[in-house]
Amino acid sequence: MELKPYLHNVKYYETDQMAVVHHSNYIRWFEEARIDYMAQAGIDYAAMEGRGFIIPVVGVSAEYKTMTHFGDTVAITLRITRYNGIRFLCSYEVRDAATGELRTTGTSEHCFIDREGRIVNLKRKAPDLHAKFQAVLEASAQA
């Protein structure tokens, strides 16, 4: 399973007065990349929600290395580094798509809940989704 990096072209409104991307936008880009990554792996987020499974963010961090500017295109590589059926952890690398220069690294942690906010174990409630997440975890480990 080869999953491609998510490409994002920096918009003017994502920058501050110095034409540098505002730090909060990287967190949004992590989410965009995560939804794209899941779709590439055959995990449709909207379909999961339709089945009653929600994936909230329970923690997120970012470390800013170099500045990103208006007009730049960044490539966001994501790996799932932990998954146990109840929670999973993603790591991110944001690089300039043209030069490969590292811009930002980060992580996000998630759990699975139902519409009532109760924790869900995909191993028991959705073995098909569990198998897909497990396959992505294994592919990430080999990357």
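The structure we're discussing is the one just above.
It should be emphasised that the depicted structure is a prediction, and the values quoted were computed from it without experimental measurement.

Engineer: Break down helix α1 (residues 24-40) for me, with residues and values.
Structural biologist: Taking 1.5 Å of rise per residue, the 17 residues of α1 would be expected to cover 24 Å, and the 25 Å separating its terminal C-alpha atoms lies within 8% of that figure. Every buried residue of α1 is listed here: N25, Y26, W29, F30, A33, R34, Y37 and M38.

Engineer: With reference to specific residues and values, describe unusual backbone geometry.
Structural biologist: We note that A19 has phi near 65 degrees; this positive angle belongs to a residue other than glycine. By the secondary structure assignment, A19 is in the loop between β1 (6-9) and α1. Exposure remark for A19: the relative accessible area of 30% places this residue in the partly exposed category.

Engineer: Report on the pattern of salt bridges, specifying residues and quantitative values.
Structural biologist: Taken as a whole, this structure holds 10 salt bridges when the rule is applied. For D96, the salt bridge goes to R103, with nearest N and O atoms at 3.1 Å. Here D96 and R103 have matching classes, each one buried. One network of salt bridges, in which partners are shared, links R82, R87 and E109.

Engineer: So what's going on with the side chain of S140? Residues and values would help.
Structural biologist: Among the secondary structure elements, S140 is positioned in helix α4 (residues 127-142). Overall, the relative accessible area of 2% leaves S140 in the buried class. Ignoring sequence-local partners within four residues, the contact set of S140 consists of Y37, R79 and I80.

Engineer: Explain the nonpolar core to me, and be specific about the residues and the numbers.
Structural biologist: Counting residues in hydrophobic clusters, the biggest one holds 32 residues, and the most contacted among them are M48, I80, F112, L122 and F133. Residue assignment for this core shows that the elements contributing at least two residues are α1, β3 (73-83), β4 (87-96) and α4. Here the element with the most residues in this core is α1; it accounts for 6 residues. If sequence neighbours within four positions are ignored, F133 has contacts with M38, I43, M48, I55, I80, Y83, F88, F112 and L122.

Engineer: How would you sum up the packing of aromatic side chains? Please name residues and give values.
Structural biologist: As enumerated under the stated definition, the model contains 9 aromatic pairs in all. When the centroid spacing of 4.1 Å and the interplanar angle of 5 degrees are considered together, the rings of F30 and Y92 count as stacked. Taken as a pair, F30 in helix α1 and Y92 in strand β4 lie far apart in primary sequence, 62 residues in all. As far as burial versus exposure is concerned, F30 and Y92 are alike and both buried.

Engineer: Now, about α4: what can you tell me, with residues and values included?
Structural biologist: Here α4 is 16 residues long and its end C-alpha atoms lie 23 Å apart, about the 22 Å a rise of 1.5 Å per residue gives. The complete set of buried residues in α4 reads L129, H130, F133, V136, L137, A139 and S140.

Definitions and limits used
- Residues numbered from 1 in each chain as written.
- Predicted model: local features only at pLDDT ≥ 70, side-chain atom pairs only at ≥ 80, totals over all residues.
- Heavy atoms only, no water.
- Helix = DSSP H or I, 4+ residues; strand = E, 2+ residues; numbered from the N terminus.
- Expected span 1.5 Å × (residues − 1).
- Buried < 20%, exposed > 50% of the residue type's maximum accessible area, 1.4 Å probe, protein only.
- Salt bridge = Lys/Arg side-chain N within 4 Å of Asp/Glu carboxyl O.
- Contact = heavy atoms within 4.5 Å.
- Core = buried A, V, L, I, M, F, W, Y, C linked by side-chain atoms within 4.5 Å.
- Phe/Tyr/Trp six-rings, centres within 6.5 Å; stacked < 30°, edge-to-face > 60°.

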